[in-house]
Structure formats: C-alpha cells, structure tokens
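One-letter residues, chain by chain:
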Amino acid sequence: MLKKLLIRNLGLIDSIDVDFTSGFTVLTGETGSGKSLIVRAIALICGAKTGLYDIRFGEDEFLLEGLFSLNAESKKQLEALDLGKFVNLNTTNDILLCRRYTRESKNIAYLNGKQISLKLLNRIGDIVADIHRQGDHAKIYESEQQLTIFDAHAGLSDRANYVERMVASLLEYRSAIFELEHASLENRENHDLINQQYDEIFQAQLKSGELQELEGQVKILSNVQLLIDSAQSSLEAIYGSTDENHSLRNQLNSVLTHLAKASNFDQEFELVHSNFESIVNDLNDVGNFLRKYLDGLEDNPKRLDVLLERIHLIKTLMNKYDAGSIDILLERGASLGKEMEDSENVELRLESTIAKFESVVEDFQSANYSLSMDRKAACNSFIESVKNELAELGMDSTDICINIADGILSDKGEDILRLDMDRIEKGQLLQSLEFMIRPGKGESFKKVQTIASGGEAARLMLALKASSMDFDSGRSIVLDEIDYGIGGRLGSVIGKKLSRISINNQVICVTHLPQLAMFADNHIRIEKREVNGRTVSENSYINGAEKNAEIMNMYGGNTNITDTANQMLQEVGVWKQAMRRTEDLPIAL
C-alpha cells in the first residue's frame, strides 16, 4: 500500500506531499490541475519510462519518493528478487522507492536510499502497484495480460509463475548443454592429437636446465684428448716428469724456505712468507684437482653418441612446439595435460547437466499439465463471473468466451532439447489464452481489440479486475480516469465495484464522475493556482460538508439536483455501512 508520496518539479507540480491511507481514495479537480500527474509520479516511482518532458520548466531535475507498506504476499514476491543487500524484509514492513531524473539525462533509482537498476525498480513496482493510466485499458487487448488476469481469478498465479521459472531454467540448461556438446565435439576432434602431443612431451622426461648440462658434457667428451694432455702437462710441470728437484713445486718450496729464514731476522718478511705459503698451498690444491680429474676422465664415444642423440631429441621437440627453452616446453606439456583434464570434465559436466535437465523436464511437464488442466476447468467459473460484472456495468448483452491454446511444451512427447528455437517465439512455448466477446446474441465472437470501443474496453477491464478481487490482494491499484468513455448512469455501479475491490486492495482513482466519487473512503481535491507568476498544483483532504460541496460542484453546480444528490449521498452511506466500510455517512447538503 502506498502510504506517502513526495513530488518535486514534475510537470506543473513544484512541490507536493500526499499522504494516502487504505481503502478507496479519489482525486478530483478541474481539468489540468495535476490529477494525472500524481498518477504519473506513482508510475515513475514504479519504473515507468521518463524524459526531459517530465521535468518542470526552469528546473534541473525532478525528484519522486514513494513509501510503501508491505503485506505478507508482497513480501513473499519481493523475496524472490533477492533484495537482501538493500532491505531486510524480515525486520521491516515498509520500503522507500525513489526516482531522480536530470536534464543531463541521469536516470537514477533508489531502494531505501541505496541505488538500484531501473530494471529492478520496475520489477519491484510491478509487485507493489498496479497502475492504469489514461488509455491503459488497451492492455486488455494483450493476450499475456488476459492470461495474468485469468490466473489471478483462478488462484493460479503462483503456479503459473513457477512454471515460467521452470521454462527459464530449462532454456538455461538447454543453452549450457549445447555449449558443452560443442566443446565435447571439439575435444573429440582434437583428442588424438592432444594425447599424442602430451605423451610425446611427457615421455621425454625433460628437466629444467637439462639442455645446458648436456651441451656441457658434449663439449667435454668432444675434447677429451685435449683435456687429458692439458691436465697431464700441468701435473708434470708442477711435480716434474723425471726429476722432482726441477719441478715447480720444489722450486716454490725452496723459495718458501728462504723466506722463512729471512723472517727470523726481519719481520717485514713475515707477511711475504705468509702470502707465498698460500700460493704453495693453492698449487698443491691444483695438483690434487688434476689427479682426480684425470682419474675421472675417459674417452667414451658411445656416451657422446647418447648425449648427442638426447640433445637432438630435445631440440626437435623445442622446434616442433615453438618453444625457446625446456621450461617453455614443460609449460606446453602441462597445458596439454590441463586440456585433457578439461576434456574429461566437459564430458562429466555434460552428463550431469543433461541429468539435471531431464529431471527439470519431468517436473515441468507434470506441473505444466496440471496447470493447463486447472485453467481449462476454471474457464466456466471465470466467464460467469465476468458476465455478471459486465451486466452490472451495463453490458448485459455482451457475451465472453475463452480460446485456450496449448503451447508447444504441452506435448509431453516433444523433445524440448532439440526444438528449433530460432523459429519459435517464447510466447508459443506455454499455454496461452485469448478473450473473445460478442456484443449480442446472433453475433460472432471476435477478439476484444477488434470489437470493443474505448469505453467498453475500460468497463471490460474493470469487470475483469472486480471478478478477481478476492484473489489479487494487497496491491495499490492506481486508476487514471477509469470512467473514460462511461456516462454518469454507470458511475455509481463503478463506484461500488471499486469500493468492493478496495476491501483487499488500496484503490487510488482519478475521476470526473460525482456518482463514482461518492463511494470513496478518502477524497483528495487537486487545485491549481498562480504563485509568483507560475502555476502550481496543491492538494487537500476534504470530508463532510466540504466533500459534499465538491461532489455537487462535480455535478456542475446545478442546484436543481441538490435533493437528488443529497439522497444519493445518503444511500451511498447506507450501502457503505452495510459493506462494513469505515467512513461516516455524508452529511446532507
């Protein structure tokens, strides 16, 4: 229910705050006073499209806020939108919707002060309000809208929404299956090549840095005789080949001995002796190294061939896979392994997704069949209810029937997975229906849009809404001139209808018919006046004598009908008390 409406700089409205209550509220006033702008503001708060034309002349932006109270049903529907980061529906019964639009075309929406998308605003708006602006009765021409009204009457709305969600889920699974099947086909086409490449790299048992190590060993084995000769000659020079007395080691040791003797007499020789002793020790280390090196060195042509063959293998693989190093080649092998693993995962995911799809298909077919049967069973009750409502609205000769068409998915034998969706519109998937009317006996049934005038369409919409009022509870129903194309004779009938609807719904209605306004629980008068050279719109709640005076003014101020109008007001009051409405009897004029 809409509790409070704030409007800033919308059309001719500069600033208005309107408090709403439950029940049936009418907005009256002269043409151009801003009544429809209030309905426009509610529509914008609920996600309607806007533009620069909505901003008051001379202002930079408009600002709209609507405070809505929630009942259990609206909370249940809002929970499905996953609003947890915006509002805790477990601890609050109110939500605040806000809309801003600037001349820079900044279009911003808020929920409880937190910015939300316009799409989400629209979805929230559809839950908390049902808005019919001037000309919106044409929606009754739409098959989808007719089905929504029918389901509301039959108490099938939740089940219909559930089936639609299942279809959305099926289509998502279907899309996922096609993607996985495509990936699976590619995997099968590349399977042998990937496995071959992986095995080739894996079986080579490559190691990081191996190529440099192998090339080093090849360099040694390719020059083994030179290395032997060099090491042997070095050893002979150090230790002597035949006469050790002339070896480099003995000569250095002799120098070391003379330096030691000299250091006994002059301390300056001590440092020289120490440094030279290190040289002698290093020479001994070199000799030890050369002996061990010669012991381990061998001329092994077979080993050289093995190493060269290994290097050839590695370089061949590097060239084949365009790898600049063994590390890159190892990364390529790991990537191939990942592809093989992913390929196996694709098959597992495909199998799992198909199983989930088939499970949802089974549940869907059962739910869809049950829904289809219950819709067909509810047709007669719906038709009788609407015909009774139409008769009270002066269309007693109008007859209505319903054409129900089963959707493609109603056929349990249909292979949903293999449907050619490119040639099928989404609306063809599920059961649809269309209202057909005929203006009188002997005439043929025709589509509503081909035969109903604007006034008839407005009354038909009202009849449909009234017929489902027990099933569509808790929303704010906002009507802009529901009396469009309807004469005063039916005003009181419409007033009664709206009064009944307002038992379970908040009804806010713009009207020019006094016969309709009489039935309102709350009456808001909208007036325009000039302030500082600008036209502004103002609102005020009226009741008692002021309300009766407004109703008389709506009759055109004709004093000749005062007694008749007074009697009608009294009768309305009695009727409303009988309906257990809360408003007091209007006072006599």
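These numbers were taken from a predicted model, which means no experiment stands behind them. (Residues numbered from 1 in each chain as written. Predicted model: local features only at pLDDT ≥ 70, side-chain atom pairs only at ≥ 80, totals over all residues. Heavy atoms only, no water.)

Undergrad: Explain the packing of helix H7 (residues 224-239) against helix H9 (residues 268-296) here, please?
TA: Angle between the axes and distance between the axes are the two parameters that describe a pair of packed helices. Two elements in contact, H7 and H9, have axes separated by 10 Å at closest approach and are oriented at 145°. Classified by chirality, the crossing of H9 by H7 is left-handed. Between H7 and H9, the contacting residues are Leu227, Ile228, Ala231, Gln232, Ser234, Leu235, Ile238 and Tyr239 on the first element and Leu283, Asn284, Val286, Gly287, Asn288, Leu290, Arg291, Tyr293 and Leu294 on the second. By residue class, the composition of the contact of H7 with H9 is eleven nonpolar, five polar and one charged. (Axes fitted to C-alpha atoms, helices over the stretch in contact; angles between N-to-C directions. Helix = DSSP H or I, 4+ residues; strand = E, 2+ residues; numbered from the N terminus. Left-handed = near helix turned anticlockwise from the far one by under 90°. Contact = heavy atoms within 4.5 Å. Nonpolar A, V, L, I, M, F, W, Y, C, P; charged D, E, K, R; others polar.)

Undergrad: Help me understand the nonpolar core in this model?
TA: The tendency in soluble globular proteins is for nonpolar side chains to be buried side by side. In terms of nonpolar packing, the biggest core is built from 48 residues, with Phe24, Phe435, Leu498 and Leu516 touching the most fellow members. Top element by residues in this core is helix H13 (residues 454-467). It accounts for seven residues. In this structure, Cys46, Leu70, Leu81 and Ile526 belong to the second largest nonpolar core, which totals 47 residues. (Core = buried A, V, L, I, M, F, W, Y, C linked by side-chain atoms within 4.5 Å. Buried < 20%, exposed > 50% of the residue type's maximum accessible area, 1.4 Å probe, protein only.)

Undergrad: I would appreciate a short explanation of the packing of helix H8 (residues 248-263) against H9 in the present structure.
TA: As a packed pair, H8 and H9 sit with axes 9 Å apart at the nearest point and diverge in direction by 160°. Taken together, the axes of H8 and H9 are roughly antiparallel relative to one another. Considering how the two elements wind past one another, H8 and H9 form a crossing that is left-handed. Touching Leu248, Arg249, Leu252, Asn253, Val255, Leu256, Leu259, Ala260, Ala262 and Ser263 of H8 are Phe269, Glu270, Val272, His273, Phe276, Glu277, Val280, Leu283 and Asn284, all from H9. Of the residues that constitute the contact of H8 with H9, the class distribution is twelve nonpolar, four polar and three charged. (Parallel < 35°, antiparallel > 145°, perpendicular 65-115°, else oblique.)

Undergrad: Sorry, what's going on with the packing of aromatic side chains here?
TA: Counted by the stated rule, this structure contains six aromatic pairs. When the ring of phenylalanine 62 is compared with that of tyrosine 101, the centres are 6.0 Å apart and the planes differ by 25°; the resulting orientation is stacked. Residue phenylalanine 62 is located in strand E4 (residues 61-69), and its partner tyrosine 101 is located in strand E5 (residues 94-102); the two are separated by 39 residues in the primary sequence. Per residue, the accessibility class of phenylalanine 62 equals that of tyrosine 101, and both read buried. Site record: aromatic cluster; members linked through ring pairs are Phe150, Phe382 and Phe435. (Phe/Tyr/Trp six-rings, centres within 6.5 Å; stacked < 30°, edge-to-face > 60°.)

Undergrad: What is the right way to look at helix H6 (residues 210-222) in this model?
TA: Compared with an ideal rise of 1.5 Å per residue, which puts 13 residues at 18 Å, H6 spans 18 Å between its outermost C-alpha atoms and is within 8% of the ideal. Residues Glu210, Leu211, Leu214, Val218 and Leu221 constitute the buried set of H6. Along the long axis of H6, the arc covered by the buried residues comes to 90°, so they all point the same way. Exposed residues lying more than 90 degrees from the buried face of H6 are Gln212, Glu213 and Lys219. (Expected span 1.5 Å × (residues − 1). Arc of directions from axis to C-beta.)

Undergrad: Help me understand the confidence of the model for the chain, please; the structure alone is not making it clear to me.
TA: A low pLDDT means the predicted coordinates there should not be read in detail. Averaged over the chain, the pLDDT score is 84; the fraction of residues at 70 or greater is 90%. Confidence drops under pLDDT 50 across residues 581-589; counting only partners more than four residues distant or on other chains, this segment forms 34 contacts. (pLDDT = per-residue confidence, 0-100.)

Undergrad: Any chance you could explain helix H14 (residues 491-501) here in plain terms?
TA: Every α-helical turn comprises 3.6 residues, leaving residues that sit three or four positions apart pointing alike. Counted residue by residue, H14 has eight buried out of eleven residues, so it is predominantly covered. If you check which residues of H14 are buried, you get Gly491, Val493, Ile494, Gly495, Lys497, Leu498, Ser499 and Ile501.

Undergrad: Quick question: what am I supposed to make of the sheet that holds strand E14 (residues 522-531) here?
TA: In a beta sheet, neighbouring strands are held together by backbone hydrogen bonds and run either parallel or antiparallel to one another. What the six strands build is an open sheet, ordered E8-E12-E13-E3-E14-E15; its pairing is mixed. The open sheet has two free edges, formed respectively by strand E8 (129-132) and strand E15 (534-542), since each of these has just one partner strand. Averaged over all pairs of adjacent strands, the angle between strand axes in this sheet comes to 15°, irrespective of strand direction. In this sheet, strand E13 (residues 506-510) lies alongside strand E3 (residues 24-28) in parallel orientation, the contact comprising four bridges. Bridge pairing links threonine 25 to isoleucine 508 in E13. (Pairing = 2+ DSSP bridges.)

Undergrad: Please explain the layout of surface pockets as it appears in this structure.
TA: Over the atoms a probe the size of a water molecule is rolled, and this reveals where empty space is left. The computed volume of the second largest pocket comes to approximately 190 Å³. As for the second largest pocket, its lining consists of 13 residues, and the residues nearest its centre are Thr28, Gly29, Glu30, Glu550 and Asn553. For the lining of the second largest pocket, the elements supplying multiple residues, two or more each, are E14 and helix H16 (544-554). The element best represented in the lining of the second largest pocket is E14, accounting for four residues. Split into classes, the residues belonging to the lining of the second largest pocket amount to two nonpolar, six polar and five charged. (1 Å grid on protein atoms, 1.4 Å probe; cavity = no way out; pocket = protein on both sides within 12 Å on 5 of 7 lines; lining within 4 Å. Points joined across faces, edges and corners; volume = space filled by probe spheres on them.)

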